[in-house]
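Summary of the model geometry
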Amino acid sequence: MSMAGFGYTRPATLDEALADLAKHGPDAKLIAGGHSLLPLMKMRLASVGHLVDIGRLRELKGIRDWNGGLAIGAATTYREVLGSALVRDRFPLLIEGLDDIGDIQVRNRGTLGGSLAHADPASDMPALALALDAELLLRSSGGERTVKVDGFFHGAFVSDLHPDEVMVEIRIPASPDGAGTSYVELTQPASGYSLVGVAVVLAKSGGTVSHVRVGVTGVADHAYRASAVESTLMGSDGGSAAIAAAAAHAADGQEVNSDIHADREYRTAMATAFTRRSVESAAARAT
Amino acid sequence: MESVALVVNGVARTVEVEPRRLLVQLIREDLGLTGTHVGCDTSQCGACTVHMDGVAVKSCTVLAVQADGSSVTTIEGMAPEGGLHPLQAAFWEKHGLQCGFCTPGMIMTAADLLASDTDPDDDAIRHALEGNFCRCTGYHNIVAAIREAANKMQVGAATSAEGAPR
């Protein structure tokens, strides 16, 4: 498969990259690992006039402490995250969720920021970021802003990232003490993409659920927080009955995807089943 | 055209390419290293796997220009001329191949695994091979070959450590 021609630059600094983006306007597209973008370009589902390669920018790489949580450079690869003792210690949910993404070769190239910016409705990273209450640092030549991941996804492959912006960093606040986490997914066996993926962070205090976040991917046109599941669980004893009652709301308010792999009825049922399993698992791990 | 300077199997090369040229095209067509295969061309099958800066990548999904400044190892660079890498020897001994089309990619991926896990169990090996398809063997002997290579490489490492000057 041959791609249509395009221009290419690999700026040495973030400022140069932002200038490049501004110069080429809507024709320009960012590339880091390229494992979402290049296949689309090969199939001519995406056409790009100019690629700005930010995959090696040091300013976009690395993992550091952020108020007891972590700030992860947007161009940090899955492999780098999976190999990080800091991540393993503070956010085992990321390890659990990212270890199954693609394959070794994909995890060696693919980046966390790239996955979020791409906003694939079946990607795992958006659900994980939602459950972790992550926020994103976005920068353009005009300045920078911070946005919550909750609200960042607008639709299939559509996000709040403006064409002149670069995602710099993913900031994950410290989870509540004793929180249990879980990621459970039903994958399409050939592609590995999630038909349903449910990420949960849950903490209890004095015998009741005091914090819960449920991020769901694969079910709707973009990953979302299952707010009705969360509100039903809050204040409950977090037992099996409460979890089952809450999980019934997993797809509330969503236009559920329907395709040859999982029609709407089945996918809705699986959203409930996998939400129940993931919450059960997180609750069992909470201390 | 863009100039791409990279080190391939230890040799510095400079190639002029269009930005849309893939790393695998540079390797196969510009450098003539045809041990790296193109199977699916959609980053599924792993036949095109090479090492770029020490990690396994699917060279059909890397632009040649992205490899500018990188060090690349292909199957041809795994062992000195006339010799076999322990993985290559183990694939031979354990019948880890039939038609051989997927073998270079299998070996490059396995080498990445063994670099970080010197004693993987079968589950770890199978997990590592998720991005490499074989349509002949049913994978069983590929897993056995990688396990065998891991054993041989551990013995080799222990022997050379014992033989090292104190």
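Residue positions are given per chain, counting from 1 as you read along its sequence in written order. Going through the entries in the order they are written, you letter the chains from A and number the ligands from 1. pLDDT decides what is reported in this predicted model: residues at 70 or higher carry local features, side-chain atom pairs at 80 or more are listed and counted, and totals for whole chains, interfaces and linings draw on all residues regardless. Think of the side-chain values as coming from all heavy atoms in the structure, minus any hydrogens and water.

Regarding the domain arrangement of chain B
Where the parts come together, the accessible area they lose is often given as the size of the interface. Residues and elements named next belong to chain B. Partitioning chain B into structural domains gives domain 1 (2-77) and domain 2 (86-160). For the purposes of this description, domain bounds are those given by an automatic or database domain assignment. Placing the centre of domain 1 and that of domain 2 at their C-alpha centroids yields a distance of 22 Å. The term buried area means the drop in 1.4 Å probe accessible area that two parts suffer when joined, counted for both and summed. A combined buried area of about 1,200 Å² lies between domain 1 and domain 2, and 62% of that area is made up of carbon and sulfur atoms. Contact with domain 2 buries surface across domain 1, with His37, His51 and Ile75 losing the most and accounting together for 40% of the total.

A short note on the pairing of strand β12 (residues 194-205) of chain A
Residues and elements named next belong to chain A. Within β12, ten of the twelve residues are buried, which leaves it mostly tucked inside the rest of the structure. Here β12 runs beside strand β13 (residues 208-217); their pairing, made up of nine bridges, is antiparallel. Looking at β13, one finds that Gly197 is bridged to Thr217. The hairpin formed by β12 and β13 contains two residues between the paired strands, and Gly206 there has a positive phi angle of roughly 60 degrees. Buried means the residue's accessible area, taken with a 1.4 Å probe over protein chains only, is under 20% of the maximum for its type, while exposed means over 50%, and partly exposed covers the values in between. Under the scheme used here, helices are H or I runs from DSSP no shorter than 4 residues and strands are E runs no shorter than 2 residues, and both carry numbers assigned from the N terminus. By this definition, two strands are paired if DSSP reports at least two bridges between them.

Digging into the pattern of salt bridges
The salt bridge definition used is simple: a Lys or Arg side-chain nitrogen within 4 Å of an Asp or Glu carboxyl oxygen. Scanning all chains against the criterion turns up 25 salt bridges over all chains. The residue Lys42(A) makes a salt bridge to Asp41(B) at a minimum N-O spacing of 2.6 Å. Taken as a pair, Lys42(A) in helix α2 (residues 37-42) and Asp41(B) in the loop between α1 (23-30) and β3 (49-52) lie in two separate chains rather than in one. Here the two residues Lys42(A) and Asp41(B) agree in accessibility, since each one is buried. Across the pair Arg267(A) and Asp259(A) runs a salt bridge, and its minimum N-O distance is 2.8 Å. Classification of Arg267(A) as buried rests on a relative accessible area of 3%. Classification of Asp259(A) as partly exposed rests on a relative accessible area of 36%.

Things to note about the interface of chain B and chain A
Taken together, the contact between chain B and chain A spans 33 residues of the former and 29 residues of the latter. Together chain B and chain A conceal approximately 2,400 Å² of surface at their shared face, both sides included; 51% is due to carbon and sulfur atoms. The largest per-residue losses of area from chain B upon contact with chain A belong to Arg20(B), Thr61(B) and Gln66(B), which jointly make up 25% of the total buried on that side. For the interface between chain B and chain A, the tally reads three salt bridges. Of the charged contacts, one joins Asp103(A) and Lys58(B) as a salt bridge, the two residues approaching to 2.7 Å between their closest N and O atoms. Amino acids are sorted into nonpolar (Ala, Val, Leu, Ile, Met, Phe, Trp, Tyr, Cys and Pro), charged (Asp, Glu, Lys and Arg) and polar (every other residue, Gly among them). For the side of chain B that touches chain A, a count of residues per class yields 13 nonpolar, twelve polar and eight charged. Residues count as neighbours in contact if any of their non-hydrogen atoms are within 4.5 Å of one another.

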